[in-house]
Every structure is written in structure tokens, then in C-alpha cells.
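The primary structure of each chain is shown beneath.
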Amino acid sequence: VHSVDIDREAEKANERFVSIFNKYVHQPHLIDPYLDTFLLHIVELVRKSDSTLIVKNRAFKYLLSISSVRGYKIVCEHLPHEVNDLVPVLKLLEEQDTRDTENWQTRYGLILWLCTIVRLPFDINGFNSTSGESVLDRLLDTCFIYLMCNDACQEVAAFLSACVLTRKDMKQHIALFVNWAIEMINGEGSSKDSQDKIGPLKGLAMLLKHGERQDLLPHASRILRCVVAKHCTDSTLTSKFVTKIITRIGLIFLRHKVESQGQRCLTVNVISSAFQTHLQIDDGNDGDLHPPDTHIVEASSNQNECVEKYVGEIMAYLVNSTTSNDEKTRFSASKGICRIISCLSTSFG
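Naming follows an unreviewed UniProt entry, where the protein chain appears as Tubulin-folding cofactor D ARM repeats domain-containing protein of Homalodisca liturata.

A. Seen up close, the environment of Leu 30. Note on placement: Leu 30 falls in the loop between helix H1 (2-21) and helix H2 (32-47). On a C-alpha basis, the gap between Leu 30 and Arg 70 in space is 9.5 Å, while along the polypeptide they are 40 residues apart.

B. Structural detail: the nonpolar core. Formed by 97 residues in total, the largest nonpolar core has its most connected members in Ile 245, Ile 249 and Phe 253. The biggest single contributor to this core is helix H8 (residues 153-165), with 10 residues. Taken domain by domain, the makeup of this core includes at least three residues from each of domain 1 (1-120) and domain 2 (172-255 + 302-348). Dropping the residues within four chain positions of it, Ile 245 is found in contact with Leu 201, Leu 204, Ala 205, Leu 208, Ile 223 and Val 227.

C. Structural view of a nonpolar patch on the surface. A contiguous nonpolar patch, built from Ile 20, Tyr 24 and Leu 30 and spanning about 240 Å² of accessible area, is present on the exposed surface. Turning to its location among the elements, Ile 20 is positioned in helix H1.

D. Representation of the environment of Arg 99 within the structure. For Arg 99, the position within the fold is in the loop between helix H5 (86-94) and helix H6 (104-117). A relative accessible area of 70% means that Arg 99 is categorised as exposed. The spacing of Arg 99 and Cys 149 is 50 residues in sequence and 9.0 Å in space, taken between C-alpha atoms.

E. Spatial organisation of the pattern of salt bridges. Under the criterion given, the structure shown has 11 salt bridges. One salt bridge in this structure joins Arg 47 and Asp 85, with 2.6 Å as the shortest N-O distance. Taken as a pair, Arg 47 in helix H2 and Asp 85 in the loop between helix H4 (72-78) and H5 lie far apart in primary sequence, 38 residues in all. Owing to a relative accessible area of 32%, Arg 47 belongs among the partly exposed residues under this scheme.

Conventions we followed
Residues numbered from 1 in each chain as written. Predicted model: local features only at pLDDT ≥ 70, side-chain atom pairs only at ≥ 80, totals over all residues. Heavy atoms only, no water. Helix = DSSP H or I, 4+ residues; strand = E, 2+ residues; numbered from the N terminus. Core = buried A, V, L, I, M, F, W, Y, C linked by side-chain atoms within 4.5 Å. Buried < 20%, exposed > 50% of the residue type's maximum accessible area, 1.4 Å probe, protein only. Domains from an automatic or database assignment. Contact = heavy atoms within 4.5 Å. Patch = residues over 30% accessible without salt bridge, like charges linked within 9 Å, V, L, I, M, F, W, Y side chains within 5 Å. Areas by Shrake-Rupley, 256 points an atom, 1.4 Å probe, with all protein chains shown as cover. Salt bridge = Lys/Arg side-chain N within 4 Å of Asp/Glu carboxyl O.

Below, the structure written as C-alpha cells:
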């Protein structure tokens, strides 16, 4: 009876917490000054060795409520982070049952916590694993597992994949992740509208968003050929993610456009104005002063034919996607067209 009363009180407290936080849905930034305090209490409960699994599950339900209002990316920036938390958090996540529908908030919170930890600058190869598998391999396996889960954990698992693979000591594993994603997307057993493709597509989209151009360029054409296949583009479930991926591949193919010589950017104008003011103060007597070089290199117009072909295909796909029945796909395609056009040089006509 006492245990039942505790459960009821815990449920009432959680409902009251959710009702209070839901009042800030339209202005979530107002809770930012208090985020660190809330998250610290949650993390301390999980860190305690004497905390039972029930207590940890309840704590992560509060974390989910905060993430639902403020957004998981903002919460990730405020989560307490220590390198020593990496192995315990990863171990606790590996012990979770992916089929447990009652405590999925715990898996969500642990993945989000890992996103914060793996972005710290430390040698990930320096961790000793009690099992035969290294911590690095365990992280990748965790990403693979939760990208294939059709629940809220899939979104943060995609973010975790990007956080892991964009580390300087993990970039050599990008090819492994891309190969896995392409294999899952092209799986023979998956139907046209299967949920199995969504996780790998989310992972690729997040990687293309956060990764560096020089690391992703060798894989861009393979990813493009994979996602434009009919079994991906014909599905309303995957079309939004395919459009995001194609847009980001187009931005990878195109170099960042730099202002031409005839268009002075704001930074140059500010520097020149400051220099002129400095000359007036010094009465022009300092002969060693020279104005800063305001020449800005024009974006390279010598795009090779291969890139032009890919960009043409990408633009054709995005234009066609603006007629999609899915509103999010149309919006994503329109946004992608604008972003790619802003990066085109004069050589594209």
C-alpha cells in the first residue's frame, strides 16, 4: 500500500510539473535562467549509486517534459557534463530494453546526455572497456540500434550520430556510418512506406548538417544516388528527409560563395570606417599606416562539369518536390532552392 501511495504522489507531482512547464510553450526562453538548476537536480539523482531504477525513470520523465518545451538541442547545451559520466551513462543505456514502452523517457534522456558528453574534448580511445568491445564501437552500435527504433529516441539518436562522427578522432568512421545507412535504406526486405528507412535518413540528414564539407564530399555522390531512388522519393514518410538530404548535398558540392570585388561586405565597411577615423585622429602623420586590403576574392566560377551535373539534378528534384502533396516536403524544397541559389556562382548562368 505504501508503494502504491508513493507512485500516486510521484505521478501527481509529475503532472503538476508538466502543467506548469506547458505554460511556457509559446515563450520557452523564459525558463533558460532556471534550466541549469532543474537539470542539475535530475542528473544528480541519476548519478547517485543508491538511486533505484524506478527513481531514475521518474527523473528522466521530468527531463523529457523540459525537452518538450525548450527543445532537446537547447537542453543538451545546459546538461551537466563530465567526461567520467561517459561510461556509466553508456552502460545504463545499453541495459535498457528497447521494447519497454513505459520507460522510453529514460532511453531518450540517456541518449541526450550522451550528446552532451561526446562533444567534450577528450581522447575517446583512452577509455578502457570491461567488455571486449571498445567504447568507440559501443557508441556507434548504440547509434545504429536507436536509429532503427520507431519512437522519440530516433530523433536524438540521429543527433547523437552527428555529435559522435563530427569529433576529430571519429571522422574516419564516417564511411562506416554512410555504408550502414545506405544498406538499411536499400534493404530488400523494407517496403516502400516502411519505417525502417526513416532512422537512417534522419542520421544522414543530421550528419550532413553538422559535418564539415571536406569530410562529407567523398560520400556525397553515393548518398545522392541512394536517396533519389524511387523507393525513397515515392514515400510520403521519407520525402521530407530526402529533400533535406538532397539540399545539404547540394550545399556540399557548392563552395561557400564569397562577395565579389564590387560588393563590399559589412565587415570591410566597418574596418575602412574605423581606419579613416584613425587617420583623422593621427592627423595623417603616420606614414607607416596602410589601409586594410579590402579586395575580396570572387567565388570560383570554374566549377567542374561533374558538380554542375549534380547541382542540375538536385535543383530539378527540388523544383519537382514543390508540387508534393506533403506540406513539409514543399516547404523544405522551397527553402532548399533558395539556399542553393544563394551559393551559385555566375558560371551557372
